Amino acid sequence: MSDLTCWMYISTATIPRAHAAQVIDAIVAISRGRNAALEVTGALIFSGDMFAQIIEGPAEAIAELRASITRDVRHREILTMADGEQNRRQFADWSLAYSGTALFVARELDRIRAARASEPYNSDRDLRRLLGELAL
Ligand SMILES: Cc1cc2nc3c(=O)[nH]c(=O)nc-3n(C[C@H](O)[C@H](O)[C@H](O)COP(=O)(O)O)c2cc1C
């Protein structure tokens with residue numbers, strides 16, 4: 001039996017654009033250490049205004065991280081796109097894959113977020129694909 005769980009969300013950043021790079025570097029540095037210690041893997045993308053992230057790992061670790069991330073004031077309007085059990089890791093090699101700011105994904109993230117209510121299955125698939133393509 002596996003207790004591999006995931007949480008995937010889109011959120012709105014509250015950090016000033018001018019400081020975004022430093023703030024995100026700090027988030028990624030902390031996350032890589034903590035995620036590795038918790039056997040969590042995942043990916044993060046930043047569009048300039050929005051974050052999207054997936055984390056995957058043991059249910060208890062995901063619950064703990066989800067609580068930390070949810071109360072983090074560096075973002076708001078956290079919209080869960082997927083959560084629950086997962087068969088295998090999509091980001092097995094990454095404690096947190098991050099490839100820098102990708103401004104061109106803003107429109108795609110908006111579209112995926114808006115489609116979530118009416119097309120949850122497609123939104124889940126599209127966001128996973130976007131995270132997989134960008135977060136290397
Ligand atoms: C968009 C975003 C993604 C984050 N992702 C992670 C993550 O994957 N792992 C992690 O340990 N912290 C992550 N953080 C930082 C946590 O919110 C938190 O600041 C940090 O883990 C320290 O936890 P604590 O505030 O409960 O002490 C993220 C923060 C933001 C804003």
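Residues numbered from 1 in each chain as written. Predicted model: local features only at pLDDT ≥ 70, side-chain atom pairs only at ≥ 80, totals over all residues.

J.: Would you explain the overall build of the chain in this entry?
T.: For the chain, the count of helices and strands is four helices and five strands. Reading the helices (α) and strands (β) of the chain from amino to carboxyl end gives β-α-β-β-α-β-β-α-α. Taken against the 2.2 N^0.38 rule, which gives 14 Å for 136 residues, the C-alpha radius of gyration of the chain at 14 Å falls within 12% of a compact globule. Overall, the C-alpha framework of the chain stretches about 45 × 35 × 25 Å when taken along its three principal axes. Taken over 136 residues, the chain has a buried fraction of 32%. Contacts in the chain between residues far apart in sequence, at least 24 positions, make up 79% of those at least 6 positions apart. (Helix = DSSP H or I, 4+ residues; strand = E, 2+ residues; numbered from the N terminus. Rg over C-alpha atoms; globule rule 2.2 N^0.38 Å. Buried ≥ 20, exposed ≤ 12 C-beta atoms within 10 Å, placed from the backbone. Contact = placed C-beta atoms within 7 Å.)

J.: Where do I start with the site of the ligand in this structure?
T.: Close contacts around the ligand come from 17 residues, with S31, R34, S68, D72 and R74 the closest. Those elements that place two or more of their residues in the shell around the ligand are α1 (20–37), β2 (41–46), β3 (50–58) and α2 (59–70). Residue composition of the shell around the ligand, grouped by class: eight nonpolar, six polar and three charged. (Near = placed C-beta within 6 Å. Nonpolar A, V, L, I, M, F, W, Y, C, P; charged D, E, K, R; others polar.)

J.: Even after reading the chapter, I still don't get the nonpolar core, so can you show me in this structure?
T.: Generally speaking, a soluble globular protein has its nonpolar side chains buried in company with each other. If you look at the biggest cluster of nonpolar residues, it comprises 30 residues, and the most contacted ones within it are A43, L44, I45, L131 and A135. Broken down by secondary-structure element, the contributors of at least two residues to this core are β1 (4–13), α1, β2, β3, α2, β5 (97–101), α3 (106–115) and α4 (120–134). With five residues, the top contributor of residues to this core is β1. Among residues more than four places away in sequence, those in contact with I45 are A52, A102, V105, L130, L131, L134 and A135. (Core = buried A, V, L, I, M, F, W, Y, C linked by C-beta atoms within 7 Å.)

J.: Got a minute to help me understand the environment of M8 in this structure?
T.: Structurally, M8 can be placed in strand β1. M8 sits in the buried class, given 23 other C-beta atoms within 10 Å. In this structure the C-alpha to C-alpha distance between M8 and A36, which are 28 residues apart in sequence, comes to 18 Å. Each residue touching M8, except ones within four places of it in the same chain, is listed here: I54, M81, A82 and L127.

J.: What's the story with α4 in this structure? I'm lost.
T.: One full turn of an α-helix is made of 3.6 residues, so residues set three or four places apart face in the same direction. Counted at 1.5 Å a residue, the expected span for α4 with its 15 residues is 21 Å, and the 21 Å between its end C-alpha atoms agrees. Within the span of α4, buried status applies to S123, L127, L131 and L134. The arc that holds every buried residue of α4, seen down its axis, measures 85 degrees, which confines them to one face. Facing away from the buried side of α4, by more than 90 degrees, are the exposed residues Y121 and N122. (Expected span 1.5 Å × (residues − 1). Arc of directions from axis to C-beta.)

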